[in-house]
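Structure assessment
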There are 2 protein chains.
Amino acid sequence: MTRSFHFGFLLYPNLTQLDMTGPAQVFSRAPGAFMHYVWKTLEPVPSDAGITIVPTDTFETCPQLDLLCVPGGVGQIALMDDAEVLGFLKTQGKNANYVTSVCTGSLILGAAGLLNGYRSACHWMWRDALTMFGAEPVNARVVRDRNRFSGGGVTAGIDFALTVVAELWGEEHAKLIQLQLEYDPQPPFDAGSPERAGPELVARARAPMEAAMAERRRVLEQAALNTPQG
Amino acid sequence: MTRSFHFGFLLYPNLTQLDMTGPAQVFSRAPGAFMHYVWKTLEPVPSDAGITIVPTDTFETCPQLDLLCVPGGVGQIALMDDAEVLGFLKTQGKNANYVTSVCTGSLILGAAGLLNGYRSACHWMWRDALTMFGAEPVNARVVRDRNRFSGGGVTAGIDFALTVVAELWGEEHAKLIQLQLEYDPQPPFDAGSPERAGPELVARARAPMEAAMAERRRVLEQAALNTPQG
């Protein structure tokens, strides 16, 4: 018999939906998987890309998760001092077997005090901010430190999720899911990381963020001050 | 000034959500992109992986799309003789600049008579069924034939969408989006295609489908009989 395994994502306004929908597609095909998409209420939650998703659970109704996953996106900023959200993550994170993130979701885990002393991935543009929360930023697509797994930016969530499935159910299961999803990527360009994209494209990617960058940095610093150590 | 460009996805019950959410993440970052997720009503639509998505438009309210995209998934079967759905696709497909699909979405385009005489991709497990609709199956991750673009199974939608963006807005835009999404894939295993996965894993992937396979084949054959030629 396959025991049930509860995967839960924090589903919040203005998340980058692919941070969540990529790993969700992988995890949902694991043996015994139950999927939870959790927010404050059951009202539909707007993500980026114009996709609005309906939560399955609220913080109150969500059972203890086996694996907690926090995706990233610009909505991350608004959560950094949200006591209700951080409280939910702390409570779940204490008892979950795995505490995980994709993209800037690691900064939210950081604000909840769940990455202090851990190595973690993050989107390349925000990776260095992990140090504010006592975490060690790692430039890798998938990072594991004890029971913390993290994926880098957005599409790294697919690699992250297959790695988690291999860890929990074995390589054969991960390979089976990879085949079902035809994950044999052939990116049309070689521009998926700042190192490969080169300085000009990196500057273009940063440009529209500059105005918001200072404010985001300020929010991060404030959150770091509020984050429990230990 | 950037002119607006309307991307529209057919959002239907039991689609494979990553078929849609992968390309949607890419397309939504194209200059002037407006995103439409279209179904019969505005009621939330259950996809696989436990993710329920709220449509933005109905068939009646949806404007003429510049690019029509049909994702795949087991829900595809129920649409093969759905006159309302096929009618919507025919009308949109006649005037859209681009008619596209991901995964088994190409079979739905086929049933709407939109692939007769065209080369197309599809999920590896169902690719050969394209011939029933006068289409030529191609074993490739991204296929273009005139104004038809198609992606293979599930995650191929990301490669497909970047290819479309490069075609429409130029390589620099596609590379910029690729960098933003950190699409520098590093699959933990080499099992993403039937050729790489080998016969044992392919058999394991097919096994749970065998029971449904005959019924799905019957539905396809019936749909092919109903499909207008020309």
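This write-up is about the structure you can find in this document. (Residues numbered from 1 in each chain as written. Chains lettered and ligands numbered in written order. Predicted model: local features only at pLDDT ≥ 70, side-chain atom pairs only at ≥ 80, totals over all residues. Heavy atoms only, no water.)

**As for the overall build of chain A**
This is how it is decided: Working definition: helices are DSSP H or I runs of at least four residues, strands are E runs of at least two. Numbering for both runs from the N terminus. In this treatment the radius of gyration is a C-alpha quantity, and the globule benchmark scales as 2.2 Å times the residue count to the 0.38 power. Relative accessibility thresholds used throughout: buried, under 20% of the residue-type maximum; exposed, over 50%; partly exposed, between the two (1.4 Å probe, protein chains only). In this description, contact between two residues means that some pair of their heavy atoms is separated by no more than 4.5 Å. Values of accessible area rely on a 1.4 Å probe in the Shrake-Rupley scheme; residue burial ignores everything except the protein chains shown. Under the convention used here, Asp and Glu are negative, Lys and Arg are positive, and both His and the chain ends fall outside the count. The atoms used to mark charge sites are NZ of Lys, CZ of Arg, CG of Asp and CD of Glu.
Across its full length, chain A holds nine helices and 11 strands. A compact globule built from 230 residues would reach a C-alpha radius of gyration of about 17 Å, and chain A, at 17 Å, matches this within 12%. Summarising its shape, the C-alpha atoms of chain A cover approximately 55 × 40 × 35 Å along the three principal directions. Taking all 230 residues of chain A together, 62% fall into the buried category. Across chain A, every contact between residues at least 6 apart in sequence was considered, and the portion connecting residues at least 24 apart equals 67%. Here chain A displays about 8,400 Å² of accessible surface, and carbon together with sulfur accounts for 52% of that area. Charge-centre separation for chain A: the mean point of 18 positive side chains lies 4 Å from the mean point of 24 negative side chains.

**Side note on the packing of helix α5 (residues 156–169) of chain B against helix α6 (residues 171–180) of chain B**
Packed helix pairs are characterised by how far apart their axes lie and by the angle those axes make with each other. Residue and element names in this part refer to chain B. The condition is simple: Lines are fitted to the C-alpha atoms to define the axes, a helix being fitted only along its stretch in contact, and any angle between axes, read from their N-to-C directions, falls within 0 to 180 degrees. Under the grouping applied here, Gly and all other residues not named as nonpolar or charged are polar, the nonpolar ones being Ala, Val, Leu, Ile, Met, Phe, Trp, Tyr, Cys and Pro and the charged ones Asp, Glu, Lys and Arg.
The geometry of α5 relative to α6 is characterised by a closest axis approach of 6 Å and an angle of 145° between their N-to-C directions. Mapping the contact onto sequence places Leu162, Val165, Ala166 and Trp169 in α5 and Glu171, His173, Ala174, Ile177 and Gln178 in α6. Residues of the contact of α5 with α6, tallied by class, amount to six nonpolar, two polar and one charged.

**Topic: the interface of chain B and chain A**
Using the following cut-off: Accessible-area loss on putting two parts together, using a 1.4 Å probe and summing over both, is the definition of buried area adopted here. A pairing counts as a salt bridge when a side-chain nitrogen of Lys or Arg comes within 4 Å of a carboxyl oxygen of Asp or Glu. Pairs of N or O atoms within 3.5 Å make up the polar contacts considered here, provided that, within protein, one atom can donate a hydrogen while the other can accept it, and that residues adjacent in sequence are counted only when both atoms are side-chain atoms. In this scheme, strands are said to pair when DSSP sees at least two bridges between them.
Listed by partner, the interface residues are 63 residues for chain B and 63 residues for chain A. Taken together, both faces of the contact between chain B and chain A bury some 5,300 Å²; the carbon and sulfur share is 62%. Looking only at chain B, the three residues that lose the most surface to chain A are Leu179, Glu182 and Phe189 of chain B, adding up to 15% of its buried area. In this structure, Arg196 of chain A and Asp184 of chain B form a salt bridge, with 3.4 Å as the shortest nitrogen-oxygen distance. Linking chain B with chain A are 39 residue pairs in polar contact (both at pLDDT 80 or more), by the criterion used here. Classifying every residue of the side of chain B that touches chain A by side-chain character gives 31 nonpolar, 20 polar and 12 charged. In this sheet, strand β4 (residues 52–54) of chain B lies alongside strand β4 (residues 52–54) of chain A in antiparallel orientation, the contact comprising three bridges. Counterpart to Thr52 of chain A in the pairing with β4 of chain B is Val54 of chain B.

**Re the pattern of salt bridges**
In this structure the tally under the stated criterion is 26 salt bridges over all chains. A salt bridge links Asp66 of chain B to Arg3 of chain B, with the shortest nitrogen-to-oxygen separation between them at 3.4 Å. Here Asp66 of chain B, found in the loop between β5 (57–58) and β6 (67–70), pairs with Arg3 of chain B, found in the segment before β1 (5–10); they are 63 residues apart in sequence, far enough to count as distant. With a shortest N-O distance of 2.8 Å, Glu167 of chain B and Arg144 of chain B are connected by a salt bridge. Taken together, the positions of Glu167 of chain B in helix α5 and Arg144 of chain B in strand β10 (residues 142–145) put the pair 23 residues apart, joining distant regions of the chain. Judged by its relative accessible area of 37%, Arg144 of chain B falls in the partly exposed class. Residues joined by salt bridges that share partners form a network here, namely Lys40, Asp82 and Glu84 of chain A.

**Focus: the relation of the copies chain B and chain A**
The operation relating the two chain copies consists of a rotation about an axis and a shift along that axis. Convention followed: For the least-squares superposition of copies, only C-alpha atoms count, and only for residues with pLDDT at least 70 in both.
Least-squares fitting of chain B to chain A yields an RMSD of 0.0 Å, with the transformation described by 0.0 Å of translation along the axis and a rotation of 180°. Such a combination of turn and shift is consistent with a two-fold rotation axis. In terms of C-alpha distance to the rotation axis, chain B has Ile53 of chain B as its closest residue, with the C-alpha 2.3 Å off the axis. Mapped onto chain A, 100% of the interface residues of chain B again fall at the interface, so both copies present the same surface.

**Examining the state of the cysteines**
Residue and element names in this part refer to chain B. The condition is simple: When the sulfur atoms of two cysteines come within 2.5 Å, that pair is taken as a disulfide.
Evaluation of the coordinates by the stated rule reveals zero disulfides over all chains. This cysteine, Cys62, is not joined by any disulfide, and Cys69 carries the nearest cysteine sulfur, 13 Å off. Under the relative-accessibility criterion, Cys62 is labelled buried at 9%. Here Cys122 is not cross-linked by a disulfide; its sulfur's nearest cysteine counterpart is in Cys103, at 6.5 Å. Residue classification places Cys122 among the buried residues on the basis of a relative accessible area of 1%.

**Side note on the nonpolar core**
For clarity, the cut-off: Take the buried Ala, Val, Leu, Ile, Met, Phe, Trp, Tyr and Cys residues and link them wherever side-chain atoms come within 4.5 Å; each set so joined is a nonpolar core.
Ranked by size, the top nonpolar core spans 162 residues in total, and within it Leu10, Phe27 and Leu89 of chain A together with Leu10, Phe27 and Leu89 of chain B carry the most contacts. The contact partners of Phe27 of chain A, leaving out residues within four places of it in the chain, are Phe7, Phe9, Ala33, Met35, Leu67, Phe160, Ala161, Val164 and Val165 of chain A.

**A word on the sheet that holds β4 of chain A**
Within a sheet, each strand pairs with its neighbour through backbone hydrogen bonds, oriented either parallel or antiparallel. Pairing within the open sheet is antiparallel, and its four strands lie in the order β3(A)-β4(A)-β4(B)-β3(B). If you trace the sheet from one side to the other, it starts and ends with β3 (45–46) of chain A together with β3 (45–46) of chain B, each paired once.

**Quick notes on the packing of helix α1 (residues 17–27) of chain A against helix α1 (residues 17–27) of chain B**
Using the following cut-off: Throughout, the term roughly parallel applies to angles under 35 degrees, roughly antiparallel to angles over 145, roughly perpendicular to angles from 65 to 115, and oblique to all others. Here is the rule for handedness: rotate from the far helix to the near one, and if that takes an anticlockwise turn smaller than a right angle the crossing is left-handed, while a clockwise turn gives right-handed.
At their nearest, the axes of α1 of chain A and α1 of chain B sit 10 Å apart, and the two run at 155° to each other. As far as their axial angle goes, α1 of chain B and α1 of chain A are roughly antiparallel. When you trace α1 of chain A past α1 of chain B, the crossing you get is left-handed. When α1 of chain A is examined against α1 of chain B, the residues Gln17, Leu18, Thr21, Gly22, Ala24 and Gln25 of chain A are found in contact with a partner set consisting of Gln17, Leu18, Thr21, Gly22, Ala24 and Gln25 of chain B. Taken together, the residues of the contact of α1 of chain A with α1 of chain B break down into four nonpolar, eight polar and no charged.

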